[in-house]
Amino acid sequence: MSWMRLSSPLPIHHAWVDSALWRALAVQWHCEDGQLIALWGSDERPAGLGFVVHAVIICADKWHWISLRAGIDNPRFPALSDLFPAAARQERALFDLLGIACDAGDTRSWLRHDAWGPADFPLRRDFTEGPPTTSADQPYPFISVRGNGVHEIAVGPIHAGTIEPGHFRFSVVGDEILRLEERLGYTHKGVAKRLEGMPLRDGGRLAGRICADSTAAYAGAYAMAVEMVCACAVPPRALWLRALLWERERIANHLGDLGALCQDGGLAFGHTQFGLLKERWIQTHGRLFGHRYLMDMIVPGGVARDLDATAIALLDSECTTLVAATRHLQYIVDDHAGLQERFLGTGRLAEAQARALGAVGLAARASGVSCDLRVSAPTPPYDILNTQISLHHGGDVAARVAVRFEEIYESARLIRTLLAALPTGPVRADCGRPEGSLGLGAVEGWRGLILVAVTRAPDTDSHHVHIHDPSWQNWPLLEHAVLGDLVPDFPLINKSFNLAYSGHDQ
Amino acid sequence: MHKLLRQILKTGILPRHPCGQHGPRCDAEASKPTLAAELGRALAVRHVDSGSCNGCELEIQALGNAVYNLAAIGVRLVASPRHADILLVTGPVTRAMVDPLRAAHEAVPDPKRVVALGDCARGCGVYTPNYTTVGAVNRVVPVDLAIPGCPPSPETILEAFATLTRP
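> It is not clear to me how the overall build of chain B should be interpreted in this structure. Could you clarify?
Helix and strand content of chain B: six helices and six strands. Walking chain B from its N terminus toward its C terminus, one meets helices and strands in the order α-β-α-β-α-β-β-α-β-α-β-α. The 167 residues of chain B split such that 60% are buried. For chain B, restricting intrachain contacts to residue pairs at least 6 apart in sequence, the fraction spanning at least 24 positions comes to 84%. Accessible surface, chain B: about 6,800 Å² in total, of which carbon and sulfur atoms supply 55%.

Here you go:
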């Protein structure tokens, strides 16, 4: 085995491994408190490599990307979910999409939903694409809880509010939650298959429409991966503008969620006030960037639009206004006994649990796990911004609210720093033709780490793109955080995480 | 508490948004535009996400903020299809959402209307039909009004609702 340093701003190495080494390395990194970021597969038969399983694991701030040839006729690989629980659903999805099996315990299908046959695997290159089957979805074998007075509450896939579809199965006694089991996959749209069929440079529009609230982060991670394969040098000004967009996206989502949390906690005033702040914030996006949610702003090679001096001044003063308004509202929220009574101690996720489950992003930081790509592996311009991690140890709704407030202030500071020292020059370079065989991009989105990995067979010009949403790690956290809480508190706890459905299902 | 009340007074009541009153019609495609004769001017709307990327949902949520104030034109989002006059559907209808969408449609009492919101629901977004996606909403349930955009702006959605309530 030999490690190859990839030419990326991220500290990442790649290696081909065999089954024994795959397992041995995973055990070693597990013992060293490593974190599994993503596990996926690709059909590399065009390159003569058969089916391949990939994993990205971060250990002691070093990024390891390992690839394993799983065979051709009956592809298999050693499971990692016994070491890294975050791998469990990814292993199930891997079988649904590619038919690569592992020896893990849970073999229930995860994404398939009977949209295609149990012996069909859409991400295989020889999969004949037809319309989805119309047979009724088979009942899903939820794990049932038995006992005196235990009953089930089934919620979804259509929820009572304006949110995405997913199913929650609660086992309760009275109002107390004994168990929650999630059933996702309702919004699977075959993104990876779609991306296989289009040139890499054209995939950005689709990548930015996988999860609309994180479109800038998705498009950014996708662009980074493509730029690595194309050996494209992005102009500094474009890198700075990308960071500006990611931070603005973070603020927009935190404002919206703080409003929704106030609403679920019974303070309609907060919903109105934060809603107004968010609306004004995204109206600025519309005026300056052409889209209220920043879609299509980040493209492979750079960004689609530049900012002039007037726009820079406006964005700067908007940060000052926003921070003052948010601090004022935070004083009211922190001072509101009724709301704090709902927030404090609700939906608690202990630090040990968060670590064991491989939590990422703001949910991890609210449980005392210090992980933030902007600090641990800062790509330009984050390498000179000295981002401060917002860390809380409560692990409850109150802690996730506190992290969101602090991240708004910190992001506003970052935006002002970026604006004050914006490099001059072009904002877009020609991406050129794809040359390399591996590409990786990662962005600390507002939920957590978004990862895009490209594998390419240079001889046949075929490629595979895997896009990983932090919700893969964080959905299982919710199942643990709600235990012992009351069913009526579930919307509040759920909103405090606000995980992606479409980003997860893709 | 006094800070809260002062903030409410300071924010005041925002000027009524022009949309939904006499603004120009958006280019929404309506086949049976007028519901007013059947349902009066207040509409109860049940939203169904049939596989959207969440962009259309963000704009539906934005309609409830103080700037657009959807309730001011008599439109209310409700929790059950049984309480609804209108089914508001987003997304390219994934296979897994076909049956839930049909069930929700059947649960809406007559007379009812279906609004397809956004380019995916109209069948012209980035999510074209494939092995797991059926495509436009009208392949599953009949659609009365389709609102373009990726996602449609709140103004466009407000104006489209206004075409439904206009006598």
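> Could you clarify how one ought to interpret the nonpolar core in this entry?
One broad trend across soluble globular proteins is that nonpolar side chains are buried collectively. With 174 residues, the main nonpolar core has W22, W63, L307 and L440 of chain A as its most contacted residues. In this structure, this core is formed jointly by two domains, domain 1 (4-102) and domain 2 (191-474) of chain A, each of which donates at least three residues. When near neighbours in sequence (up to four residues on either side) are disregarded, W22 of chain A contacts V17, L39, V53, H54, A55, I66, L68, F77, P78 and L80 of chain A. Listed in part, the 22 residues of the second largest apolar core include L276 of chain A together with L70, L117 and A160 of chain B.

> How should the sheet that holds strand β15 (residues 462-468) of chain A be read in this particular structure?
Each strand in a sheet pairs with its neighbour through backbone hydrogen bonds, running either in the same direction (parallel) or in the opposite one (antiparallel). Residue and element names in this part refer to chain A. Across the sheet, which stays open at both edges, the three strands sit in the order β13-β14-β15 with antiparallel pairing between neighbours. The sheet is open, and its two borders are formed by β13 (438-444) and β15, each paired with just one other strand. Shown here is a sheet whose adjacent strand axes are inclined to one another by a mean of 10°, direction ignored. Of the strand pairs in this sheet, strand β14 (residues 449-457) and β15 are connected by seven bridges, and their pairing is antiparallel. Residue A457 lies in a different strand from β15, and its bridge partner there is S462. Strand contacts of helix α5 (residues 215-230): β13, β14 and β15, with the helix running at about 155° to β13, the strand carrying the most contacts.

> I keep staring at the domain arrangement of chain A and nothing clicks. Help me out?
Many analyses report the size of an interface as the accessible area lost when the parts associate. Residue and element names in this part refer to chain A. Taken as a whole, chain A is organised into domain 1 (4-102) and domain 2 (191-474). Computed from C-alpha coordinates alone, the two centres of domain 1 and domain 2 are separated by 26 Å. Contacts between the two partners involve 31 residues from domain 1, matched on the other side by 30 residues from domain 2. A buried area of about 2,200 Å², summed over both sides, lies between domain 1 and domain 2, and 75% of it is on carbon and sulfur atoms. Here domain 1 is connected to domain 2 by seven residue pairs in polar contact (both at pLDDT 80 or more). With eight residues, strand β3 (residues 35-43) is the single largest residue contributor to the side of domain 1 that touches domain 2. A breakdown of the residues in the side of domain 1 that touches domain 2 according to their chemical character gives 20 nonpolar, eight polar and three charged.

> Before we go on, may I ask you to explain the pairing of strand β2 (residues 43-49) of chain B in this structure?
Residues and elements named next belong to chain B. Among the seven residues of β2, seven are classified as buried, and the element is accordingly described as predominantly covered. Of the two faces of β2, the one carrying L43, V45, H47 and D49 and the one carrying A44, R46 and V48 are both buried. Summarising the sheet, β2 and strand β3 (residues 75-77) pair through three bridges and their orientation is parallel. The partner of V45 across the bridge, within β3, is L77. Assessed by its sense of winding, the connection that carries the chain from β2 through helix α3 (residues 55-63) to β3 is right-handed. Judged from the five bridges that link them, β2 and strand β4 (residues 86-90) form a sheet pairing that is parallel. In the strand pairing of β4, R46 is matched with L87.

> Help me understand the pattern of salt bridges, please; the structure alone is not making it clear to me.
A side chain of one charge can pair with a side chain of the opposite charge if their charged atoms are brought near each other. All names here are of chain A. Under the defined criterion, the tally for this structure stands at 36 salt bridges over all chains. Where R201 meets D430, a salt bridge forms, and the shortest distance between an N and an O atom there is 3.4 Å. On the criterion of sequence distance, the pair formed by R201 in the loop between α3 (191-196) and α4 (204-207) and D430 in the loop between α13 (397-420) and β13 is long-range, its members being 229 residues apart. The class for D430 is exposed, based on a relative accessible area of 64%.

> Teacher, can you tell me more about the interface of chain B and chain A here?
Between chain B and chain A, the residue contacts involve 47 residues of the former and 60 residues of the latter. Here chain B packs against chain A, burying approximately 4,300 Å² in sum over the two surfaces, 62% of which is carbon and sulfur. Three residues stand out in chain B for area buried against chain A, namely R95, Y127 and Y131 of chain B, and they jointly supply 20% of the buried area on that side. Taken together, chain B and chain A are joined by one salt bridge. Note that E59 of chain B and R292 of chain A form a salt bridge whose closest N and O atoms lie 2.6 Å from each other. For the pair chain B and chain A, the interface holds 27 residue pairs in polar contact (both at pLDDT 80 or more). Contributions of two or more residues to the side of chain B that touches chain A are made by α1 (2-11), β2, α3 and α4 (95-107) of chain B. For the side of chain B that touches chain A, the element with the highest residue contribution is α3 of chain B, accounting for seven residues.

> How should the packing of aromatic side chains be read in this particular structure?
Any pair of aromatic rings gets described here by the distance separating the centres and the angle formed by the planes. Residues and elements named next belong to chain A. Following the criterion strictly, the structure yields 13 aromatic pairs over all chains and no others. Taking 6.1 Å as the distance between ring centres and 85° as the angle between the ring planes, the aromatic pair formed by W22 and F77 counts as edge-to-face. A residue pair is termed long-range when its members are at least 10 positions apart, and W22 in helix α1 (residues 19-31) and F77 in strand β6 (residues 76-77) qualify at 55 residues. Here the two residues W22 and F77 agree in accessibility, since each one is buried. When the centroid spacing of 5.5 Å and the interplanar angle of 75° are considered together, the rings of F95 and F121 count as edge-to-face.

> Where do I start with the side chain of D372 of chain A in this structure?
Residue and element names in this part refer to chain A. Along the chain, D372 falls in the loop between α11 (361-365) and α12 (373-376). According to the relative accessible area criterion, D372 is buried, its value standing at 3%. With near-sequence residues (within four places) excluded, D372 lies in contact with R365, I389 and E444.

> Help me understand the environment of D505 of chain A, please; the structure alone is not making it clear to me.
Residue and element names in this part refer to chain A. Note that D505 resides in helix α16 (residues 502-505). Once residues lying within four places of it in the same chain are set aside, the contact partners of D505 are L111, L184, G185, Y186, T187 and H188. In this structure the side chain of D505 is engaged in a polar contact, spanning 2.7 Å, whose partner is the side chain of H504.

> Hey, could you run me through a nonpolar patch on the surface in this one?
All names here are of chain B. There is a patch of nonpolar side chains on the surface, built from M1, L5 and I8 and spanning about 310 Å² of accessible area. Considering the arrangement of structural elements, one finds L5 in helix α1. Residue L5 is classed as partly exposed on the basis of its relative accessible area, which comes to 46%.

> Which parts of the structure should I look at to understand the packing of α3 of chain B against helix α6 (residues 154-165) of chain B?
Geometrically, a packed helix pair is captured by the angle between its two axes and the distance between the axes. All names here are of chain B. For the pair α3 and α6, interaxial distance at closest approach is 9 Å and the crossing angle is 70°. Between α3 and α6, the angle falls in the class roughly perpendicular. The chirality of how α3 crosses α6 is right-handed. Contacts between α3 and α6 involve E59, A62 and L63 from the former and P154, I157, L158 and F161 from the latter. Here the residues of the contact of α3 with α6 are counted per class, giving six nonpolar, no polar and one charged.

> Could you clarify how one ought to interpret the pairing of β4 of chain B in this entry?
Regular strands place side chains that alternate from one sheet face to the opposite one. All names here are of chain B. Counting buried residues along β4, five of its five residues qualify, which places the element largely inside the surrounding structure. Residues I86, L88 and T90 line one face of β4 and the alternating positions L87 and V89 line the opposite face, and both faces are buried. In the sheet, β4 pairs with strand β5 (residues 113-117) via five bridges, with the strands oriented parallel. Bridge assignment links L88 to a residue of β5, and that residue is V115. Taking the sense of rotation as the criterion, the β-α-β connection linking β4, α4 and β5 turns out right-handed.

Rules used in this analysis
- Residues numbered from 1 in each chain as written.
- Chains lettered and ligands numbered in written order.
- Predicted model: local features only at pLDDT ≥ 70, side-chain atom pairs only at ≥ 80, totals over all residues.
- Heavy atoms only, no water.
- Helix = DSSP H or I, 4+ residues; strand = E, 2+ residues; numbered from the N terminus.
- Buried < 20%, exposed > 50% of the residue type's maximum accessible area, 1.4 Å probe, protein only.
- Contact = heavy atoms within 4.5 Å.
- Areas by Shrake-Rupley, 256 points an atom, 1.4 Å probe, with all protein chains shown as cover.
- Core = buried A, V, L, I, M, F, W, Y, C linked by side-chain atoms within 4.5 Å.
- Domains from an automatic or database assignment.
- Pairing = 2+ DSSP bridges.
- Axes fitted to C-alpha atoms, helices over the stretch in contact; angles between N-to-C directions.
- Buried area = accessible area lost by both parts, 1.4 Å probe.
- Polar contact = N/O pair within 3.5 Å; in protein donor to acceptor, adjacent residues only side chain to side chain.
- Nonpolar A, V, L, I, M, F, W, Y, C, P; charged D, E, K, R; others polar.
- Right-handed = clockwise from strand over helix to strand, strands pointing away.
- Salt bridge = Lys/Arg side-chain N within 4 Å of Asp/Glu carboxyl O.
- Phe/Tyr/Trp six-rings, centres within 6.5 Å; stacked < 30°, edge-to-face > 60°.
- Patch = residues over 30% accessible without salt bridge, like charges linked within 9 Å, V, L, I, M, F, W, Y side chains within 5 Å.
- Parallel < 35°, antiparallel > 145°, perpendicular 65-115°, else oblique.
- Left-handed = near helix turned anticlockwise from the far one by under 90°.

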